[in-house]
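Spelled out, the chains give:
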Amino acid sequence: MDRIKVLELGWEFPPLINGGLGVACMGLSKALAKKVDLRVIVPKADPSVVYDGFSLTGLNNLRLEEVENCEDGYRYESFAMVEHAPVDLNPYAHIEGGSHVVRFTQEGKLVFSKVHRNDLELFTSKEDLYAGDLARKVIEFSKIAAKLAMKMDFDLVHAHDWLTYLAGVEVKKATNKPLVVHLHASQFDRAGAEARGWIYDIEKYGMEQADAVIPVSKYTGTVASGHYAIDPAKIFPVHNGADPVKVFHGKKKFPEKLVLFLGRLTAQKGPEFFLQIAAKVLEKTENVRFVMAGTGEKLRQLIETGAFHGVGDKFHFTGFLNKQKVNELLSITDVYCMPSVSEPFGLSALEAAQFNIPAVISKQSGVAEVMKGALKADFWDVNMMANHIVRLITDDELYRKVAEQSSEDIKASTWDAAADKVLRVYNHVLGR
């Protein structure tokens, strides 16, 4: 049987990344490239980096002539009747700014016969991909991706997260190829059960138009079916994998145990709960320090409110850390804590397990389905979270048992295993 030819649409790709989406896309792409013929399109790519087994196209590296030569007859249909889009979208928070008017309409259809130079300049500037007029970037990416796709030979299109769903739908309409969408995180996770707005609309629209939906966990699959009313028959959960890492053990500059929170500082990740947990633990033992690694809209608020003052000099903020610094921090960590309010997966918990670190994680996370041995509690149950941490740092036998089980749990959590499952989804969609 011939290898399936896949066109993958992503929003970020290492080394040009903002968060975990790019890391997951690269891990899966590398594994998929062993099994399918893969081409990847993203808004921005580093032209100096060459990946084995697949090609990566960044719109920032295109010449206007390459897009102008594409067929001009395609009519952009998605969201044709929607003239208002938020000015200040934040893909990692539920806050959206006021609206401005997007006027591409012409008799109910968004027609584009040309891609203009300023369209491409959206992706060649040094501005962060998530900054500025994100709504326009999402729309222009979808337009250009559809144009490029009409020159390519592929069997199906695979779109990652809401930022590329619109592009995926447009490629499907332009080429009549089936669409698979990957749900890494949803507006439900960021904003809760009442989540609505432009991002929610795109998520729902993309999943409705897709031939298959791949959520990163069963938990996220229930969000897709329950909150977005997506047909469960076309939902196929596939857990994330973790890239192999060279494990090493560092030496702390202090005698206490170290408990780590690692992730974007947004409401979704529960950083306020981590502060409460720290305070509860310190009521029972002083032989512990807490580190909150990451940045996000909650960082300034957490610092300015002085909420961490209750834990004195036992609490530390690191800000953003690159991969090397993260691994150095993991090498001296004793317990990993993830009190996420709604976590589609939770890749950082797998990364901690690679360093043989026992974890305390929320039940509202996809990774809880993989890490059977981790100690779990509801995100809001700070007392139980704290009790789990105290037990781990005071009971050597429990610590060893949880750490060993975590190491076992992650052995099957590889990108190759994830790619095998994704390939089965491809075959199902293509009727093979």
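Structure first, text after, so check above.
Residues numbered from 1 in each chain as written. Predicted model: local features only at pLDDT ≥ 70, side-chain atom pairs only at ≥ 80, totals over all residues. Heavy atoms only, no water.

**With respect to the nonpolar core**
- Within the largest apolar cluster, 81 residues are counted, with the highest numbers of intra-cluster contacts made by Leu9, Trp11, Leu59, Val138, Met207 and Tyr426.
- It is helix H4 (residues 134-149) that contributes the most residues to this core, 9 residues altogether.
- The residues contacting tryptophan 11, other than those within four sequence positions of it, are Leu21, Val42, Pro43, Phe123, Leu129, Tyr130, Leu134, Lys137, Val138, Phe141, Leu163 and Thr164.
- In this structure, Val259, Leu302, Val311 and Val390 belong to the second largest nonpolar core, which totals 32 residues. (Core = buried A, V, L, I, M, F, W, Y, C linked by side-chain atoms within 4.5 Å. Buried < 20%, exposed > 50% of the residue type's maximum accessible area, 1.4 Å probe, protein only. Helix = DSSP H or I, 4+ residues; strand = E, 2+ residues; numbered from the N terminus. Contact = heavy atoms within 4.5 Å.)

**Re the pairing of strand S2 (residues 37-42)**
- Two strands pair when backbone bridges link them, and strand S1 (residues 5-9) and S2 are joined in this way by 5 bridges, in the parallel orientation. Paired with lysine 5 across the two strands is aspartate 37, which belongs to S2.
- Handedness of the crossover joining S1 and S2 through helix H1 (residues 20-32) is recorded here as right-handed.
- In this sheet, strand S3 (residues 54-58) lies alongside S2 in parallel orientation, the contact comprising 5 bridges. Each bridged residue has a counterpart across the sheet, and for valine 42 the counterpart in S3 is glycine 58. (Pairing = 2+ DSSP bridges. Right-handed = clockwise from strand over helix to strand, strands pointing away.)

**As for the packing of aromatic side chains**
- Counted according to the given criterion, the structure contains 13 aromatic pairs.
- With a centroid separation of 4.7 Å and an interplanar angle of 25°, the aromatic rings of tyrosine 200 and tyrosine 228 are classed as stacked. Of this pair, tyrosine 200 sits in helix H7 (residues 198-209) while tyrosine 228 sits in the loop between helix H8 (218-227) and strand S12 (257-262), and the two are 28 residues apart along the sequence.
- Consider the rings of phenylalanine 274 and phenylalanine 290, whose centres lie 5.8 Å apart with planes at 75°: the pair is edge-to-face. Of this pair, phenylalanine 274 sits in helix H9 (residues 271-284) while phenylalanine 290 sits in strand S13 (residues 288-293), and the two are 16 residues apart along the sequence. Phenylalanine 290 carries the same exposure label as phenylalanine 274, and that label is buried.
- Counting every residue linked through ring pairs, the aromatic cluster contains Phe261, Phe274, Phe290, Phe315 and Phe317. (Phe/Tyr/Trp six-rings, centres within 6.5 Å; stacked < 30°, edge-to-face > 60°.)

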